[in-house]
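# Report on the structure
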Amino acid sequence: MHKALFFSILFFLLPSLAIAQETQAEMADTMRSNGKIYVVVLVLATIFAGIILYLVRLDRKITRIEKNQGTKQA
Amino acid sequence: MRKWWWKIICILFLGYTVVAGFLMPVPRLNILNETIRNLYFHVPMWFTMTILFTASFIYSIKYLRSSKLEDDIYAVQITNTGIFFSILGMCTGLEWAPYTWGAAWSNDPKQLATALSMLIYFAYIVLRGGIKDEEKRAKISAVYNIFAYALMIPLLFILPRMVASLHPGNGGNPGFNTYDLDSDMKKVFYTAGLGWILLGVWIASLKIRVELIKYKDELY
């Protein structure tokens, strides 16, 4: 009786296990194993640093003009 | 440059977002795959827009109470920055959708509602451009801005949740419960949200300061 139950459960579970292995979502694993994801991070970090540098310089410039004009700071 | 601390926080948070956003583990989900990382970049655009529009709504009310040109400048420049972030949010959404929903535009309720509220805010700029008299322009646009905000909230946060939507957290659900479970993502996501909001505030503050210099003769 137990054996029959065991095999019937196994019978129904096996296909689902196979499907579960098949449907493992695809991720950027190759990119990570090659280490090349860091290239993307580097590129983005560079762009981000550039934008921040630009903002800081703009901020400083506006501060200087504010000082020259004698307007108060926002 | 007296108040630097929050700008430094902004830089640190966004720096963390750019690095951790790509390297931290994310849940393996079909269809979404690695694009789930867009959550750190696409969604904060809308957070920033909402915060900025809320701030400009407050300044518009302030202007109507005080009639000070300064409040009008704050309201307008904050709205302009908010519109800028809404365009970024829309563009990133259009880039993300073809790979996950099958089409850039699928008439999703949230897409439609966002397009509507963007048009409402574009009309704000057009309205301001059409009025020559400064005081009239400030007053009418302040009233318009209050109505625009009162429309945006139900359009973005209530209506899409009452119908079935492709966006997560819609169709009856209040938040991002699909992703909320993952604590790794939460860390990056909240940092990203705060960082982008601070960046929006920073850009808006620069625009305001330029305008304050421009109108200094009338202000002081």
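All figures in this text were calculated on a predicted structure; none of them were measured in a lab.

Cut-offs applied
Residues numbered from 1 in each chain as written. Chains lettered and ligands numbered in written order. Predicted model: local features only at pLDDT ≥ 70, side-chain atom pairs only at ≥ 80, totals over all residues. Helix = DSSP H or I, 4+ residues; strand = E, 2+ residues; numbered from the N terminus. Buried ≥ 20, exposed ≤ 12 C-beta atoms within 10 Å, placed from the backbone. Contact = placed C-beta atoms within 7 Å. Nonpolar A, V, L, I, M, F, W, Y, C, P; charged D, E, K, R; others polar. Axes fitted to C-alpha atoms, helices over the stretch in contact; angles between N-to-C directions. Parallel < 35°, antiparallel > 145°, perpendicular 65-115°, else oblique. Left-handed = near helix turned anticlockwise from the far one by under 90°. pLDDT = per-residue confidence, 0-100. Core = buried A, V, L, I, M, F, W, Y, C linked by C-beta atoms within 7 Å.

What follows concerns the overall build of chain A. Secondary structure assignment for chain A yields three helices and zero strands. Put simply, chain A runs from its N terminus to its C terminus through helices and strands in the order α-α-α. Burial analysis of chain A (74 residues in total) assigns 3% to the buried set.

Attention now goes to the overall build of chain B. Each helix and strand counted, chain B has eight helices and zero strands in total. Listing the helices and strands of chain B from first to last along the sequence gives α-α-α-α-α-α-α-α. Counting only C-alpha atoms and orienting by the principal axes, one finds that chain B spans roughly 60 × 40 × 25 Å. Scored against the burial criterion, the 220 residues of chain B give a buried share of 38%. Counted over contacts in chain B with a minimum sequence separation of 6, partners at least 24 positions apart contribute 74%.

As a further point, take the interface of chain B and chain A. Contacts between the two partners involve 24 residues from chain B and, on the opposite side, 25 residues from chain A. For the side of chain B that touches chain A, the element with the most residues is helix 7 (residues 183-214) of chain B, which contributes eight residues. Residue classes in the side of chain B that touches chain A are distributed as 15 nonpolar, four polar and five charged.

What follows concerns the packing of helix 2 (residues 42-66) of chain B against helix 5 (residues 134-162) of chain B. Residues and elements named next belong to chain B. At a minimum axis separation of 9 Å, helix 2 and helix 5 run at an interaxial angle of 140 degrees. One finds that helix 2 runs oblique with respect to helix 5. Relative to helix 5, helix 2 is oriented so that their crossing is left-handed. Along the contact surface, helix 2 presents Phe53, Ser56, Phe57, Ser60, Ile61, Tyr63 and Leu64, while helix 5 presents Ala138, Ala142, Asn145, Ile146, Tyr149 and Met152.

Time to look at the environment of Ile61 of chain B. Residues and elements named next belong to chain B. Inspection of the secondary structure assignment puts Ile61 in helix 2. When the 16 C-beta atoms within 10 Å are taken as the criterion, Ile61 is described as partly exposed. C-alpha of Ile61 to C-alpha of Val210: the two residues are 149 residues apart in sequence and 22 Å apart in space.

Residues and elements named next belong to chain B. Residues of chain B with pLDDT of at least 70 account for 93%, and the chain-wide mean is 89. For chain B, the element scoring lowest by mean pLDDT is helix 6 (residues 177-180), at 55; helix 2 scores highest, at 96. Scored as a complex, the prediction yields pTM 0.84 and ipTM 0.74.

Turning our eyes to something else, we now look at the nonpolar core. All names here are of chain B. If you look at the biggest cluster of nonpolar residues, it comprises 47 residues, and the most contacted ones within it are Leu52, Ala75 and Leu199. Sorting the residues of this core by element identifies helix 1 (5-23), helix 2, helix 3 (69-100), helix 4 (109-129), helix 5 and helix 7 as the ones contributing at least two each. Looking at which element gives the most residues to this core, the answer is helix 7, with 13 residues. Residues in contact with Leu52, not counting those within four places in the same chain, are Ile78, Thr81, Gly82, Phe85, Gly200 and Ala204.

All names here are of chain B. Two elements in contact, helix 3 and helix 5, have axes separated by 11 Å at closest approach and are oriented at 50 degrees. The angle between the axes of helix 3 and helix 5 places the two elements in the oblique class. Judged by the twist between their axes, the crossing of helix 3 over helix 5 is left-handed. Contacts between helix 3 and helix 5 involve Leu69, Asp72, Ala75 and Thr79 on the former and, on the latter, Ala138, Ala142 and Asn145.

Next up on the list: unusual backbone geometry. Residue and element names in this part refer to chain B. Even without glycine at this site, Ser67 takes up a positive phi of about 60 degrees. Tracing the backbone through its elements, the reader meets Ser67 in the loop between helix 2 and helix 3. Of note, the phi angle at Asn107 is positive, near 50 degrees, even though the residue is not glycine. Inspection of the secondary structure assignment puts Asn107 in the loop between helix 3 and helix 4.

Turning next to the environment of Val19 of chain B. The residue Val19 of chain B is located in helix 1 in this model. Between the C-alpha atom of Val19 of chain B and that of Val188 of chain B, which follows or precedes it by 169 residues, the distance is 9.8 Å. Beyond its immediate chain neighbours, meaning those up to four positions away, Val19 of chain B contacts Val41 and Ala45 of chain A.

Moving on, we come to the environment of Thr79 of chain B. All names here are of chain B. Tracing the sequence through the fold places Thr79 in helix 3. Thr79 sits in the buried class, given 26 other C-beta atoms within 10 Å. Setting aside chain neighbours within four positions, we find Thr79 in contact with Phe53, Ser56, Tyr121, Tyr124 and Asn145.

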